[in-house]
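Each chain is listed here by its residues.
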Amino acid sequence: MNQHAKVDIRHSTCPHDCPSACALDIEVIDGRSIGRVRGSKQQTYTAGVVCAKVARYAERIHHPDRLLHPMRRTGPKGSGQFARISWDDALDEIAARFDQAEQEFGAQSVWPYYYAGTMGLVMRDGINRLANVKKYSRFYSTICANVARIGFAIGTGKIAGVDPREMGVSDLVVIWGTNPVNTQVNVMTHAMRARKERGAKIAAIDVYNNDTMKQADIKILLKPGTDGAFACGVMHVLFREGYADREYMDRYTDCPNELEAHLASRTPEWASSISGVPVEEIEAFARLVGQTQRSFFRLGYGFTRSRNGAAQMHAALCIPAVTGAWQHEGGGAFFNNFAIWKFDESIIEGHDALDRSTRWLDQSQIGRILTGDAEALKGGPPVKAMLIQNTNPMTVAPEQALVHQGFAREDLFMVVHEQFMTETAVMADIVLPATMFMEHDDLYYGGGHQHISVGARLIDPPGECRSNHEVLQGLGRRLNAVHPGFTMSPRELIDATLKKSGHGDIAALEADLWRDLQPDFRTSHYLDGFAHADKKFHFKADWANPPFGNALGPWAQMPSLPDHWTIIEEADEAHPFRLATSPARSFLNTSFNETPSSIAREGKPSVMMHPDDAATLGLSDGDVVTLGNVRGETNLTVKLFDGLRRGVLIAESIQPNKAHIGGRGINMLTGAEAVAPVGGAAFHDNKVWVKKATPSA
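Quick caveat: nothing in here was measured; it's all calculated off a predicted structure. (Residues numbered from 1 in each chain as written. Predicted model: local features only at pLDDT ≥ 70, side-chain atom pairs only at ≥ 80, totals over all residues. Heavy atoms only, no water.)

**What about the pattern of salt bridges?**
Working step 1: As enumerated under the stated definition, the model contains 47 salt bridges in all.
Working step 2: Note that Glu673 and Arg631 form a salt bridge whose closest N and O atoms lie 3.9 Å from each other. Residue Glu673 is located in the loop between strand E24 (648-650) and strand E25 (686-692), and its partner Arg631 is located in the loop between strand E22 (624-629) and strand E23 (632-640); the two are separated by 42 residues in the primary sequence.
Working step 3: Through salt bridges with shared partners, a single network forms among Arg307, Arg368, Glu399, Glu569, Arg578, Arg631, Glu673 and Asp685. (Salt bridge = Lys/Arg side-chain N within 4 Å of Asp/Glu carboxyl O. Helix = DSSP H or I, 4+ residues; strand = E, 2+ residues; numbered from the N terminus.)

**Brief notes about helix H6 (residues 146-156)**
Working step 1: With 11 of 11 residues buried, H6 is to be regarded as a mostly interior element.
Working step 2: Those residues of H6 lying buried are Asn146, Val147, Ala148, Arg149, Ile150, Gly151, Phe152, Ala153, Ile154, Gly155 and Thr156.
Working step 3: Immediately beyond the C-terminal end of H6, within one or two residues, lies Gly157, with a positive phi of roughly 100°. (Buried < 20%, exposed > 50% of the residue type's maximum accessible area, 1.4 Å probe, protein only.)

**Here we look at helix H13 (residues 279-291)**
Working step 1: Look at H13: 18 Å from first C-alpha to last across 13 residues, which is about the 18 Å you get at 1.5 Å a residue.
Working step 2: All buried positions along H13 are accounted for by Val279, Ile282, Glu283, Phe285, Ala286 and Val289. Buried residues of H13, viewed axially, fall in a sector of 165°; they line one side. Among the exposed residues of H13, those pointing more than 90 degrees away from its buried face are Glu280 and Gln291. (Expected span 1.5 Å × (residues − 1). Arc of directions from axis to C-beta.)

**Observations concerning the packing of aromatic side chains**
The description of two aromatic rings rests on the distance between their centres and on the angle between their planes.
Working step 1: Under the definition given, this model contains 22 aromatic pairs.
Working step 2: On the numbers, 4.8 Å between centres and 50° between planes, the contact of Tyr301 with Phe335 is tilted. With Tyr301 in the loop between strand E11 (295-299) and helix H14 (309-323) and Phe335 in the loop between strand E12 (332-334) and helix H15 (338-341), this pair connects stretches of sequence that are 34 residues apart. Accessibility classification places Tyr301 together with Phe335 in one group, the buried group.
Working step 3: Through successive ring pairs, a cluster of aromatic residues spans Trp326, Tyr526, Phe530, Phe537 and Phe539.
Working step 4: Here the guanidinium or amino end of Arg129 rests over the ring plane of Phe486, the centre of that ring lying 4.5 Å away.
Working step 5: The ring of Trp270 has Arg266 lying over it, and the distance from NZ or CZ to the ring centre is 5.6 Å. (Phe/Tyr/Trp six-rings, centres within 6.5 Å; stacked < 30°, edge-to-face > 60°. Lys NZ or Arg CZ within 6 Å of the ring centre and 35° of its normal.)

**Structural notes on the sheet that holds strand E3 (residues 33-39)**
Hydrogen bonds between backbone groups are what pair the strands of a sheet, and the pairing can be parallel or antiparallel.
Working step 1: Strand order across the open sheet formed by three strands is E1-E2-E3, with antiparallel pairing between neighbours. The open sheet is flanked by strand E1 (7-13) and E3, the only strands paired with a single partner. For this sheet the average axis-to-axis angle between neighbouring strands, irrespective of direction, equals 30°.
Working step 2: Sheet analysis places strand E2 (residues 23-29) next to E3, joined by five bridges and oriented antiparallel. Looking across to E3, one finds that Val28 is bridged to Ile34. (Pairing = 2+ DSSP bridges. Axes fitted to C-alpha atoms, helices over the stretch in contact; angles between N-to-C directions.)

**Focus on the pairing of strand E16 (residues 430-433)**
Working step 1: Judged by which residues are buried, E16 turns out to be covered on both faces: Ile430 and Leu432 on one side and Val431 and Pro433 on the other are all buried.
Working step 2: Bridge analysis of strand E4 (residues 71-73) against E16 gives two bridges, and the strand direction is antiparallel. Its bridge partner lying in E16, Arg72 is registered against Ile430.
Working step 3: Across four bridges, the pairing between strand E15 (residues 413-418) and E16 is parallel. Pairing of Glu418 across the sheet is with Pro433, part of E16.

**Examining the packing of helix H9 (residues 227-240) against helix H11 (residues 256-263)**
Working step 1: The interhelical angle for the contact between H9 and H11, taken along N-to-C directions, is 110°, at an axis separation of 9 Å. When the axes of H9 and H11 are compared, the pair comes out roughly perpendicular. Between H9 and H11 the crossing geometry is left-handed. Across from Cys232, Met235, His236 and Phe239 in H9, the residues of H11 making contact are Pro256, Leu259, Glu260 and Leu263.
Working step 2: Along the lines of polarity and charge, the residues of the contact of H9 with H11 split into six nonpolar, one polar and one charged. (Parallel < 35°, antiparallel > 145°, perpendicular 65-115°, else oblique. Left-handed = near helix turned anticlockwise from the far one by under 90°. Contact = heavy atoms within 4.5 Å. Nonpolar A, V, L, I, M, F, W, Y, C, P; charged D, E, K, R; others polar.)

**Some remarks on the sheet that holds strand E14 (residues 385-389)**
Working step 1: Read from one edge to the other, the open sheet built from six strands follows the order E5-E4-E16-E15-E14-E6, with strand pairing classed as mixed. The open sheet has two edge strands, strand E5 (82-84) and strand E6 (110-114), and neither has a second partner. Neighbour-to-neighbour, the strand axes of this sheet turn through a mean angle of 20°, independent of strand direction.
Working step 2: Pairing analysis gives five bridges linking E6 to E14, with the strands arranged parallel. In the strand pairing of E14, Trp111 is matched with Met386.
Working step 3: Contacts from helix H3 (residues 87-105) reach E4, E6, E14, E15 and E16 within the one sheet, and its direction differs from that of E16 by about 130°.

**Here's the deal with the packing of H6 against H14**
Working step 1: Interaxial distance between H6 and H14 falls to 7 Å at its minimum, and their mutual angle equals 40°. Relative to H14, H6 is oriented oblique. The two elements H6 and H14 meet at a crossing, and its hand is right-handed. Listed contacts from H14 to Val147, Ala148, Ile150, Gly151, Phe152, Ile154, Gly155 and Thr156 of H6 are Gly309, Ala310, Met313, His314 and Leu317.
Working step 2: Across the contact of H6 with H14, the residue classes break down as eight nonpolar, five polar and no charged.

**Concerning the nonpolar core**
Working step 1: Ranked by size, the top nonpolar core spans 154 residues in total, and within it Phe98, Trp176, Phe230, Phe285, Trp326, Met386 and Phe539 carry the most contacts.
Working step 2: By size, the runner-up hydrophobic cluster in this structure holds 21 residues, among which are Cys14, Val28, Val37 and Leu458. (Core = buried A, V, L, I, M, F, W, Y, C linked by side-chain atoms within 4.5 Å.)

**Thoughts on the environment of Phe297**
Working step 1: Here Phe297 lies in strand E11.
Working step 2: The exposure class of Phe297 is buried, given its relative accessible area of 0%.
Working step 3: Apart from the residues within four sequence positions on either side, Phe297 is in contact with Val174, Trp176, Val289, Ala316, Ile319, Pro320, Gly332, Ala333 and Phe334.

**Looking at unusual backbone geometry**
Working step 1: A cis amide bond links Ser653 with the next residue in sequence, Ile654, at an omega value of 10°.
Working step 2: Mapped onto the fold, Ile654 is located in the loop between E24 and E25.
Working step 3: Each neighbour pair has its own omega, and for Ala676 with Pro677 the value is 5°, a cis peptide bond.
Working step 4: In this fold, Pro677 is placed in the loop between E24 and E25.
Working step 5: Backbone geometry at Ala47 places phi at a positive 50°, although glycine is not the residue there.
Working step 6: Mapped onto the elements, Ala47 comes out in the loop between E3 and helix H1 (52-55).
Working step 7: Assessed through its relative accessible area of 32%, Ala47 is described here as partly exposed.
Working step 8: In the Ramachandran plot, Lys135 falls in the positive-phi region, its phi being about 65° despite a non-glycine side chain.
Working step 9: Its place among the elements puts Lys135 in the loop between helix H5 (127-134) and strand E7 (138-140).

Structure representation (structure tokens):
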């Protein structure tokens, strides 16, 4: 009775959809449960710091509401009425229904759908192997990073930048288009180190006075979708006042003289009229950047949420090329290290079975696809069956009215493999219980840093939970999907992938814990040339020939030189407000929506509104309002907040639909038009009207 529980400290990597991919030290209690979760000090980017929601992960993994058994729907769609069934019965029925859809409508009527609820390569990407082998409709990922990625790569030639740990030796850290206090806390670790050890300044550029901006020395408050105008105003001052490094630009950039001539009319006054930032703030920021060689531009995913986001990212990225900050330690820019991993996922994804004539369907247009839009369906058959893993489109996808209509189809067979009864799982015909990351083996990389790692299975899953890989194996056998990847264990897949990628074997990576792949200083700073064929940084963007992705949206209209592209959804007389749905601190998309501490911290769905705007509408703090546009309506509680520009609304998200009065969530207002040049969804780019909610709302 007096025996103490045995507590072992084990190591893993946070798998959630966050660039930090934190290195974790995890208390494993008696080999059966977990206790505290801490950021590991052994990994130099995580540096001992982890976000509060992951620190409380025991609250999530041992949650009493976890799904534990396969279930079949017994009532109407969306009723939540399910009965427990066996795994064999579930998988047999799924395979039979997939085969039936294929026989009646062709293989492309089946659409495996997933996203980044886990960032592990085996568990996230293995579903593509099933699609490739069976010639099901392929999945084109557009809902998150495409827009910002292309905006960065169009300038540098690849998606990689300065070692993000160099923020710690910078003299000016510019945090732009990201709120890392909420979304990637480790950025603040290194920025704060620079402030403490070097007296560095921290500048935050965003659309509201968020938790990051509150810790900054310089606060630049923009109107949404106007970053490009602000960047041009800054560069105008850099050229005008002699801060442009002409020797650097002559050696390393494509057309500095053309850029300077173009910017002559992009004055601070012009930029101020568009962005709302006062002229004196534009000029002061430009002078600070021009006078600070070690200026580190930490550019974020906010750019990817706007219709002009790729052009905005490129414009912001041009600033350190004008000043030559890339030459200096602690200077230059960073967004993501995607290009350094060089993982060969051919076995995980079944590339040898890929048929490029098979249609791909745009993830962001799931509402249009499921409601039979011929263009979204590429002229092919309707989607009749789906397997959904690692995502919750009934809450997170754009055009929610269409999404809900599509999911309600009686002729759509839906399988959802999940950890909780999400709003998507409620709409399923069969629900399968899924493992969490401490309950299976996987391979990870950190988009926001430079480490790769193996995350080992630490405890047994509860009930009958199975991993994504196990589900795909079971379906593969029943569907006659023959591929070596289906016969291998997760550890075998990891080992084979590492070897094919030139990273050694699984044992060596496990011995390293977190392996640092950061390229050397000269490579990271592009001192031997940028990654384009001409070795130049490109001020002039060739949007017609992006380095990756499928050409989508009005890419031919994009400005080649940095500019304000007016394609954003501007406010008008009928929709006088611009709405951004920025990330909340205690949710991660809809992960952690079930965690009691996260729910308590976030409270009811609310919208931040400037007090002067509220007064004009006769609204008070705490009033319930309806926001609407041509796509739909939602109800939120007003939170008076003077930390944004007039005419701007902020609704930190994503709350479940059911948390909103009336059951309609924030993405009722979000469009699914493809963002140029390679697709995406403009989640923070919505014009809306506001009115006081009626009592029945």
